[in-house]
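Here's the letter readout for the chains.
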Number of protein chains: 2
Amino acid sequence: MKPVILASQSPRRKELLLRCIDSFLIDVANVDETINPNKEIEFEIIRLAKDKARAVFERHQDCIIVAADTMVVLNNTPLGKPNNREEAKDMLRTLSNNTHQVLTGLCIYDHNGPHTHLSVSDVTFRNLTEEEIEAYVNTGEADDKAGAYGIQGKGGCFITHIDGDYYGIMGLPIAKVATMLQEIRQ
Amino acid sequence: MKPVILASQSPRRKELLLRCIDSFLIDVANVDETINPNKEIEFEIIRLAKDKARAVFERHQDCIIVAADTMVVLNNTPLGKPNNREEAKDMLRTLSNNTHQVLTGLCIYDHNGPHTHLSVSDVTFRNLTEEEIEAYVNTGEADDKAGAYGIQGKGGCFITHIDGDYYGIMGLPIAKVATMLQEIRQ
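Predicted, not measured: the structure shown is a model, and the values here were computed from it.

### What about the packing of helix α1 (residues 11-20) of chain B against helix α6 (residues 174-185) of chain B?
Residues and elements named next belong to chain B.
Then comes step 1: Between α1 and α6, whose axes approach to 9 Å, the crossing angle comes to 50°. By the angle between their axes, α1 is oblique relative to α6. Between α1 and α6 the crossing geometry is right-handed. Of the residues in α6, those in contact with Leu 16, Leu 17, Arg 19 and Cys 20 of α1 are Ile 174, Val 177 and Ala 178.
Then comes step 2: Residue classes in the contact of α1 with α6 are distributed as six nonpolar, no polar and one charged.

Below, the structure is given as structure tokens:
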């Protein structure tokens, strides 16, 4: 069987992929992650996942590459990482008592080229008080997170409802990865 | 502020509650966990959560007790822990390519009595091959799990879709815990 390479440095994606397959390598290529605001977000996410996978495949053409890209989207606008804590608070105020989307583009690349999948999930926040927003942002958890929250951390207790793929929200839709790897390896 | 006590030995519930509140104690009372098959499952789950909370409240009447009970339900029938690996495989065959429910009853108990909530989530499995079922059961992960899978382990890669409260599925609906504690403490 061909070796699998995860094209991501994210410890979370590594932990998730370990649930599907017992062993893989990690190699990450530098890819320009700028998205084109004139194109559909869905298209751009898949393109980024493909770019990441292809760049690593070029170095390891006898392997199967797994790459993904995740975005937090509110009213069709991607939410990046907050530039400062005031911006983090503003983001949380807009997410409060509201439903946003988390999109993950997945690309598995082998000698047949890219195989892609888009995971789209709705995430609903309960109403957050100003005190909660203040206290959460002061923990620092929001600082480096797209959308100013971490679903796996204290941000998890803002979420009342998920409709979609939890592992996609975490960054890697592992059920889909498992199915695609089975198909590719047949 | 009154101290909070978690009435559960589950390390997962402890980890989840830590996302809502910074400190709490743990105390667990022995409660008969037999469910009455002649009553509605929803009723029985809430009753069990209440029984667990009340038993601990009786020992700590100046505290706020958090208790929960979780069940995996397929076609209105609770799935317990498999008695052996053949039973585990049978359970996974029935869950494969199918949607089941995970129900968590939550009870927060203070001097005003019980405050309860029921979290109901739909969990959809992709189609599992016999080889996958065999390999998964051989890892031992299914042995002590209701429904013969662990959502936080390798079982996570069977799940294509969740509609509901992921943290409820994990055993403690923390967004609801946070809201209820806010209301109780006002």
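### Description of the relation of the copies chain B and chain A
Then comes step 1: Turning chain B through 180° and shifting it by 0.0 Å along the axis lays it on chain A, with an RMSD of 0.0 Å. These values place the two chain copies in the arrangement generated by a two-fold rotation axis. By C-alpha distance to the rotation axis, the residue of chain B lying nearest is Asp 163 of chain B, at 2.2 Å.
Then comes step 2: The share of interface residues of chain B whose copies in chain A are also at the interface is 100%, consistent with both copies meeting through the same surface.

### A short note on the pairing of strand β3 (residues 64-74) of chain A
All names here are of chain A.
Then comes step 1: By the criterion of burial, β3 is predominantly enclosed, with ten of the eleven residues buried.
Then comes step 2: Examined bridge by bridge, strand β1 (residues 4-6) and β3 share three bridges and lie parallel to one another. From the neighbouring strand, Leu 6 faces β3, where its bridge partner is Val 66.
Then comes step 3: Two strands pair when backbone bridges link them, and β3 and strand β4 (residues 77-79) are joined in this way by three bridges, in the antiparallel orientation.

### Observations concerning the nonpolar core
Then comes step 1: Residues Tyr 149 of chain A together with Tyr 149 of chain B are the most contacted members of the largest nonpolar core, which totals 88 residues.
Then comes step 2: Sequence-distant contacts of Tyr 149 of chain B, defined by excluding residues within four places in its chain, comprise Val 72, Leu 92, Leu 95, His 100, Val 102, Val 123, Phe 125, Tyr 136 and Ile 159 of chain B.
Then comes step 3: Judged by nonpolar contacts, the second largest core, of 13 residues, contains Ala 55, Val 56, Cys 63 and Cys 107 of chain B.

### What about helix α2 (residues 41-57) of chain A?
Side chains of residues three or four places apart in an α-helix project in the same direction, reflecting 3.6 residues per turn.
Residue and element names in this part refer to chain A.
Then comes step 1: Between its first and last C-alpha atoms α2 spans 24 Å; for 17 residues at 1.5 Å apiece the expected length is 24 Å, and the two agree.
Then comes step 2: Of all the residues in α2, the buried ones are Ile 41, Glu 44, Ile 45, Ile 46, Leu 48, Ala 49, Asp 51, Lys 52, Ala 53, Val 56 and Phe 57.
Then comes step 3: For α2, the secondary structure elements touched by its buried residues are β1, β3, β4, β5 (99-110) and β6 (113-125).

### Remarks on the packing of aromatic side chains
Then comes step 1: If you walk through the whole model with that rule in mind, you get 13 aromatic pairs over all chains.
Then comes step 2: With a centroid separation of 5.6 Å and an interplanar angle of 55°, the aromatic rings of Phe 125 of chain B and Phe 158 of chain B are classed as tilted. Separated by 33 residues along the polypeptide, Phe 125 of chain B in strand β6 (residues 113-125) and Phe 158 of chain B in the loop between α4 (130-138) and β7 (159-164) bring together distant segments of the chain. As far as burial versus exposure is concerned, Phe 125 of chain B and Phe 158 of chain B are alike and both buried.
Then comes step 3: Taken together through their ring pairs, the aromatic side chains of Phe 125, Tyr 136, Tyr 149 and Phe 158 of chain A make up a single cluster.

### Concerning the environment of Gly 171 of chain A
Then comes step 1: Tracing the chain through its elements places Gly 171 of chain A in the loop between α5 (166-170) and α6 (174-185).
Then comes step 2: Separated by 69 residues in the primary sequence, Gly 171 of chain A and Val 102 of chain A have C-alpha atoms spaced 9.2 Å apart.

### Structural notes on the interface of chain B and chain A
Then comes step 1: At the junction of the two partners, chain B supplies 28 residues and chain A supplies 28 residues.
Then comes step 2: Summed over the three residues of chain B that lose the most area to chain A, namely Arg 19, Cys 157 and Tyr 167 of chain B, the buried surface amounts to 24% of that side.
Then comes step 3: Linking chain B to chain A there are two salt bridges.
Then comes step 4: A salt bridge links Asp 22 of chain A to Lys 154 of chain B, with the nearest nitrogen and oxygen atoms 3.6 Å apart.

### A short note on the packing of helix α3 (residues 85-95) of chain B against α4 of chain B
Residues and elements named next belong to chain B.
Then comes step 1: Relative to each other, α3 and α4 sit at 135°, their axes nearing to 10 Å. Considering their axes alone, α3 and α4 lie oblique with respect to each other. α4 is crossed by α3, and the crossing has right-handed handedness. Contacts from Arg 85, Ala 88, Lys 89, Leu 92 and Arg 93 of α3 reach α4 at Glu 130, Ile 133, Glu 134, Tyr 136, Val 137 and Asn 138.
Then comes step 2: Class assignment of the residues belonging to the contact of α3 with α4 gives a composition of five nonpolar, one polar and five charged.

Definitions and cut-offs
- Residues numbered from 1 in each chain as written.
- Chains lettered and ligands numbered in written order.
- Predicted model: local features only at pLDDT ≥ 70, side-chain atom pairs only at ≥ 80, totals over all residues.
- Heavy atoms only, no water.
- Axes fitted to C-alpha atoms, helices over the stretch in contact; angles between N-to-C directions.
- Helix = DSSP H or I, 4+ residues; strand = E, 2+ residues; numbered from the N terminus.
- Parallel < 35°, antiparallel > 145°, perpendicular 65-115°, else oblique.
- Left-handed = near helix turned anticlockwise from the far one by under 90°.
- Contact = heavy atoms within 4.5 Å.
- Nonpolar A, V, L, I, M, F, W, Y, C, P; charged D, E, K, R; others polar.
- Least-squares fit on C-alpha atoms with pLDDT ≥ 70 in both.
- Buried < 20%, exposed > 50% of the residue type's maximum accessible area, 1.4 Å probe, protein only.
- Pairing = 2+ DSSP bridges.
- Core = buried A, V, L, I, M, F, W, Y, C linked by side-chain atoms within 4.5 Å.
- Expected span 1.5 Å × (residues − 1).
- Phe/Tyr/Trp six-rings, centres within 6.5 Å; stacked < 30°, edge-to-face > 60°.
- Buried area = accessible area lost by both parts, 1.4 Å probe.
- Salt bridge = Lys/Arg side-chain N within 4 Å of Asp/Glu carboxyl O.

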